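Here are the chains, one letter per residue:
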Amino acid sequence: MRMSGASELAEQLRAVAGDERVLAAIASLPREHFVPDRERHRAYENVALPIACEQTISQPLVIARMLALLELRPDDRVLDVGTGSGYHAALLAMLAGHVWTVERHPRLSAQAQRTIAALGLSNVEFVVGDGCRGLPARAPFDAINVAAATGEALPPALERQLAAQGRLVAPVGTADQHLVLVRRTAEGFERKQLEAVRFVPLVRAEPET
Ligand code: SAH
């Protein structure tokens, strides 16, 4: 039987991203639905691709790594910052219980909402706004995924919205970025700096006056 593009992509990632639940989710999600028509021929390559509003859909390998680091359980409540195309949010939704995804560009949020609805995923809620503030009304979250580079420090509001034992993964830095994994423990926060990555910047809104 000929494999679909999505399962070929998952097979390419298998050597480097070992988490079976994550690979199964990638194998069953058509990435071509999340990229613009002119990029469709490259949808199953392990590369970041341009989407609208000068943003990018992240590289599948990095998404697989971030999903594995979050150690998602089927009933987890997840905050996703930087909806973009919605691809990462859709994978989170397949691995967890409920996802709130925040995007600053209304056009990207609306398009992602249409894509995800057409795939029949009903456990994602879309919010247009500044993800640096998290989503206090829905906190606490078991997992927080940040899909844009935070600059030198993580926005403190995000860590505060983690549940006990909650995990957060984010690219931290500007020119020189690394994935950072944060776990909330009884004593406070455990932070680990991991591999180098390259993400578009998280754009902070002006502080509220
Ligand atoms: N997860 C996406 C890729 C995200 S690219 C996917 O799977 O396609 C990063 C996204 O973060 C961009 O869409 C950008 O507009 C958004 N973004 C940047 N700063 C933001 C902010 N402060 N709040 C919410 N979204 C933001």
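Before any of the text, the structure's been laid out above.
Here the structure is a predicted model, which is why all the values come from computation and not from measurement.

Conventions we followed
- Position numbers for residues count from 1 along each chain, tracking the sequence in the order it is written.
- Under the rules for a predicted model, residues below a pLDDT of 70 receive no local features and side-chain atom pairs below 80 are neither given nor counted, while totals for whole chains, interfaces and linings still include all residues.
- Water and hydrogen atoms were dropped before computing side-chain values, which therefore reflect all heavy atoms in the structure.
- Each helix corresponds to a stretch of at least 4 residues labelled H or I by DSSP, and each strand to a stretch of at least 2 residues labelled E; elements are numbered beginning at the N terminus.
- Any two residues whose heavy atoms approach within 4.5 Å are treated as being in contact.
- Pairing of aromatic side chains requires ring centres within 6.5 Å, counting the rings of Phe and Tyr and the six-membered ring of Trp. Pairs whose planes differ by under 30 degrees are stacked, by over 60 edge-to-face, and all others tilted.
- Both a distance and an angle decide whether a charge sits over a ring: NZ of Lys or CZ of Arg must be within 6 Å of the ring centre and within 35 degrees of the ring normal.
- In plain terms, two cysteine sulfur atoms within 2.5 Å form what is called a disulfide here.
- Burial classification: accessible surface area is computed with a 1.4 Å probe over protein chains only, and a residue below 20% of its type maximum counts as buried, one above 50% as exposed, and the rest as partly exposed.
- In the analysis that follows, any N or O atom pair within 3.5 Å is treated as a polar contact, provided that within protein one partner can donate a hydrogen and the other can accept it, and provided that, for residues neighboring in sequence, both atoms belong to side chains.
- Put simply, buried Ala, Val, Leu, Ile, Met, Phe, Trp, Tyr and Cys residues joined by side-chain atoms within 4.5 Å make one nonpolar core.
- The criterion for a residue being near a molecule or strand is simple. One of its heavy atoms has to lie within 4 Å of it.
- The protein chains shown are the only cover counted for residues, whose accessible areas, like all others here, come from Shrake-Rupley with a 1.4 Å probe.
- Residues were grouped as follows: Ala, Val, Leu, Ile, Met, Phe, Trp, Tyr, Cys and Pro as nonpolar; Asp, Glu, Lys and Arg as charged; and all remaining residues, including Gly, as polar.
- Directions are taken from the helix axis to each C-beta atom, and the arc is the one they span.
- Every case where a carboxyl oxygen of Asp or Glu lies within 4 Å of a side-chain nitrogen of Lys or Arg is listed as a salt bridge.

**Some thoughts on the side chain of Ser 58**
Turning to its location among the elements, Ser 58 is positioned in the loop between strand 2 (56–57) and helix 3 (60–69). Filtering out sequence-adjacent residues up to four positions away, Ser 58 remains in contact with Arg 31, Val 47, Ala 48, Ile 63 and Phe 199.

**Quick notes on the packing of aromatic side chains**
This model, assessed by the stated rule, comprises two aromatic pairs. The ring of Tyr 87 has Arg 31 sitting right over it, with the charged end atom 5.6 Å from the ring centre.

**Observations concerning the state of the cysteines**
Going through the model one piece at a time under the given rule, you end up with zero disulfides. Cysteine Cys 132 is unpaired, with the sulfur of Cys 53 as its nearest cysteine sulfur at 17 Å.

**Remarks on the side chain of Asn 145**
For Asn 145, the position within the fold is in strand 6 (residues 141–146). When its relative accessible area of 0% is taken as the criterion, Asn 145 is described as buried. Within the structure, the side chain of Asn 145 is placed 2.8 Å from the side chain of Asp 80, a separation counted as a polar contact.

**Regarding the nonpolar core**
One broad rule of soluble globular proteins: the nonpolar side chains tend to lie buried together. The biggest cluster of nonpolar side chains holds 47 residues, and the ones touching the most others in it are Ile 26, Leu 67, Leu 72, Tyr 87 and Leu 91. Sorting the residues of this core by element identifies helix 1 (5–14), helix 2 (20–27), helix 3, helix 4 (87–95), helix 5 (106–118), strand 5 (124–128) and strand 8 (177–184) as the ones contributing at least two each. It is helix 4 that provides the largest number of residues to this core, a total of seven residues. When residues no more than four places from it in sequence are discounted, the contact partners of Ile 26 are Ala 6, Leu 9, Ala 10, Leu 13, Ala 64, Tyr 87 and Leu 91.

**So, the site of the ligand**
Around the ligand sit 26 residues, and of these Ser 85, Glu 103, Asp 130, Gly 131 and Val 203 come closest. Ser 85 places a polar side-chain atom, nitrogen or oxygen, 2.6 Å from an oxygen atom of the ligand. Contacts to the ligand include Arg 104, whose backbone N or O atom sits 3.3 Å from a nitrogen atom. For the ligand, whose unbound accessible area comes to 580 Å², protein coverage reaches 99%. Secondary structure elements with two or more residues in the shell around the ligand: strand 2, helix 4 and strand 4 (98–103). When grouped by side-chain class, the residues that make up the shell around the ligand number eleven nonpolar, twelve polar and three charged.

**Some remarks on helix 2**
The complete set of buried residues in helix 2 reads Val 22, Leu 23, Ala 25 and Ile 26. Down the axis of helix 2, the buried side of the element spans an arc of 160 degrees, and every buried residue falls inside it. The secondary structure elements touched by the buried residues of helix 2 are helix 1, helix 3 and helix 4. Where helix 2 begins, one side-chain oxygen reaches toward the backbone nitrogen of Arg 21, 3.1 Å away; that side chain belongs to Asp 19.

**Considering the pattern of salt bridges**
Summed over all chains, the structure comprises nine salt bridges. Ionic pairing is found between Glu 11 and Arg 14, a salt bridge with its closest N-O pair at 3.1 Å. Of this pair, Glu 11 and Arg 14 both sit in helix 1, separated by three residues, roughly a single helical turn. Take Glu 11: its relative accessible area is 38%, and that puts it in the partly exposed class. Between Arg 40 and Asp 37 there is a salt bridge; the shortest N-O distance is 3.2 Å. Linked through salt bridges whose partners overlap, the residues forming this network are Glu 11, Arg 14 and Glu 20.

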